[in-house]
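Residue-level structure breakdown
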Amino acid sequence: MAAPRYSSTLAEDVRSDSTFRIPLIDFAAYKQATSLAEKRCIADDIVNGFKEVGFVYLTGHVIEPETVDRSAEFFQLPEETKARLAWDDPKANRGYVQVGRERVTTSLDAVEIAALRAKAPDTKETMEIGRENHPTFSNKWPQEIEAPEFKQTMLHFFQTCHEVHTMVMKSIALGLDLPEDFFDNKIDRQDHNLRLLSYPPIRTSLLLGDGQARAGAHTDYGTLTLLFQDSIGGLEVQNPHTKHYQPASPIPGTIVVNAGDLLARWSNGVLRSTLHHVVAPPAIKINATEGMTPARQSIAFFCNPNFDAIIESLPSCTSTSNPSKYPPLTTEQYIVGRLAATYS
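Cut-off values and rules
- Here, residues in each chain are numbered from 1, in the same order as that chain's written sequence.
- It should be noted that, the model being predicted, local features are given only for residues of pLDDT at least 70 and side-chain atom pairs only at 80 or more, the latter also being counted only at that level, while totals for whole chains, interfaces and linings use all residues.
- The side-chain numbers reported here are obtained from all heavy atoms of the structure, hydrogens and water having been left aside.
- Here's how the labels work: a residue is buried when its accessible area is under 20% of the maximum for its type, exposed when over 50%, partly exposed in between, all with a 1.4 Å probe on protein chains only.
- Helix and strand assignments come from DSSP, with helices taken as H or I runs of at least 4 residues and strands as E runs of at least 2, each series counted from the N terminus.
- We treat two strands as partners when DSSP finds at least two bridges between them.
- Orientation is described by axes fitted as lines to C-alpha atoms, over the contacting stretch for helices, and by angles from 0 to 180 degrees between their N-to-C directions.
- Contact criterion: two residues are considered in contact whenever any of their non-hydrogen atoms come within 4.5 Å of each other.
- When an angle is under 35 degrees it counts as roughly parallel; over 145 it counts as roughly antiparallel; between 65 and 115 it counts as roughly perpendicular; any other value is oblique.
- Here a crossing is called left-handed whenever its near helix is offset anticlockwise from the far helix by less than a right angle, and right-handed whenever the offset is clockwise.
- Here a salt bridge means any side-chain nitrogen of Lys or Arg lying within 4 Å of a carboxyl oxygen belonging to Asp or Glu.

Some points on helix 4 (residues 67-75)
Counted residue by residue, helix 4 has 7 buried out of 9 residues, so it is predominantly covered. Every buried residue of helix 4 is accounted for by T67, V68, R70, S71, A72, F74 and F75.

So this is what it looks like as structure tokens:
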């Protein structure tokens, strides 16, 4: 899929909601580049997208869209089967999360998040998967007879997403005037989180409450998120310049990629970790006063630095006139703290 040509720059377009766009970038051109100059051209487009919007669409990747269908099959398992795999530890961050247990938000206050969760929980269920060879924590898998080839499919998907993350981070390094391999030894332990998401059908009246959404407004925690959507849609991105939400409509064959909090901290705020939420798509009328929103499936691969990596502002993103805005911390300190407050 060729990226469209525009007569104006991205920086100009995103200043107005009427011309707001998420850039579409062919990442195959980066992988196939034969010179550093060719790579730098694509790297600049990616970094510019994260500077102005915080999101890009990538084509030219190697990830199979059929995995979203396999994800949906998991959520059709009996409730008692899924409950046996329940999420129970923010450090492990593995297992099944039932509808209403999570409330994503920008708040860092556990009491405030608990109040939001009680008032307007997220209307979704998830399955959380980490790297398989972790020395302390184990993934929670259904039995093979319950979900044939599910484990094998998801582990292959996890590895492929990790490889995409590594390549995109190489491009970001170039775009930030760093050596291409700068991030390699800081993201190689695969401390990522593969999240399968299912948004069940829901009556529109249940989504009309104050603060209620399929997934509340939030930023992501790590370096990048790779999002795979079905055709239903519902993801909306806040225009950083107008503060209004704009749809990130599904485009077949693309991955939606957004920068997370730790990449924003690493870049000293040069790259944006942009607010986004999931709203209900148009409902199907079921009577004169009520509608039913369709089910939605998606997969989010939350890419993280190594958990012991120290995240501090990069030398190419600081100067005497632009000192570091953030104190150093480790990946684990930031992510585990956020997760502990997010779940009941």
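Comments concerning the sheet that holds strand 4 (residues 125-129)
A sheet is described by the order of its strands in space; here 8 strands give the open sequence 1-2-11-8-15-5-4-3, paired in mixed fashion. The open sheet has two edge strands, strand 1 (24-26) and strand 3 (95-97), and neither has a second partner. On average, each strand axis in the sheet is inclined to that of its neighbour by 25 degrees, with strand direction left out of account. Along the sheet, helix 4 makes contact with strand 3, strand 4, strand 5 (193-199), strand 8 (224-229) and strand 15 (296-303), crossing strand 15 at roughly 110 degrees. Sitting on the sheet, helix 7 (residues 150-175) is in contact with strand 2 (55-59), strand 4, strand 5, strand 8 and strand 15, with an inclination near 130 degrees to strand 8.

Quick word on the sheet that holds strand 14 (residues 291-293)
Ordered in space as 6-14-13, the 3 strands form an open sheet in which the pairing is antiparallel. Edge positions in the sheet fall to strand 6 (202-203) and strand 13 (284-285), since each of these pairs with one other strand and no more. Examined bridge by bridge, strand 6 and strand 14 share 2 bridges and lie antiparallel to one another. For I202, the partnering residue across the bridge sits in strand 14 and is T293.

A short note on unusual backbone geometry
The backbone of D177 sits at a positive phi, close to 65 degrees, despite the residue not being glycine. Its place among the elements puts D177 in the loop between helix 7 and strand 5. According to the relative accessible area criterion, D177 is exposed, its value standing at 57%. Backbone geometry places K243, a non-glycine residue, at a positive phi of 70 degrees. Relative to the helices and strands, K243 resides in the loop between strand 9 (235-238) and strand 10 (245-247). Judged by its relative accessible area of 52%, K243 is exposed.

A few points about the packing of helix 4 against helix 7
At their nearest, the axes of helix 4 and helix 7 sit 11 Å apart, and the two run at 135 degrees to each other. Between helix 4 and helix 7, the angle falls in the class oblique. As helix 4 packs across helix 7, the resulting crossing turns out to be left-handed. Note on element contacts: helix 7 touches helix 4 through F150, T153, M154 and F157, opposite T67, R70, S71 and F74.

Focus on the environment of I25
Relative to the helices and strands, I25 resides in strand 1. The spatial distance from the C-alpha of I25 to the C-alpha of Y57 is 6.1 Å, given a sequence separation of 32 residues. I25 has contacts with I42, D45, I46, V56, Y57, L58 and T59, leaving out every residue within four places of it along the chain.

Digging into the pattern of salt bridges
Per the counting criterion, the structure on display carries 16 salt bridges. Close ionic contact of R70 with E73 constitutes a salt bridge, the shortest N to O distance being 2.9 Å. Linking R70 with E73, this pair stays in helix 4, spanning 3 residues, or about one helical turn. The partly exposed category is assigned to E73, whose relative accessible area is 42%. K82 is the salt-bridge partner of E125, the closest N and O atoms lying 3.1 Å from each other. Here the residue E125 occupies a position in strand 4, and K82 occupies one in helix 5 (residues 79-83), the gap between them amounting to 43 residues.

In short, geometric facts, not functional conclusions.
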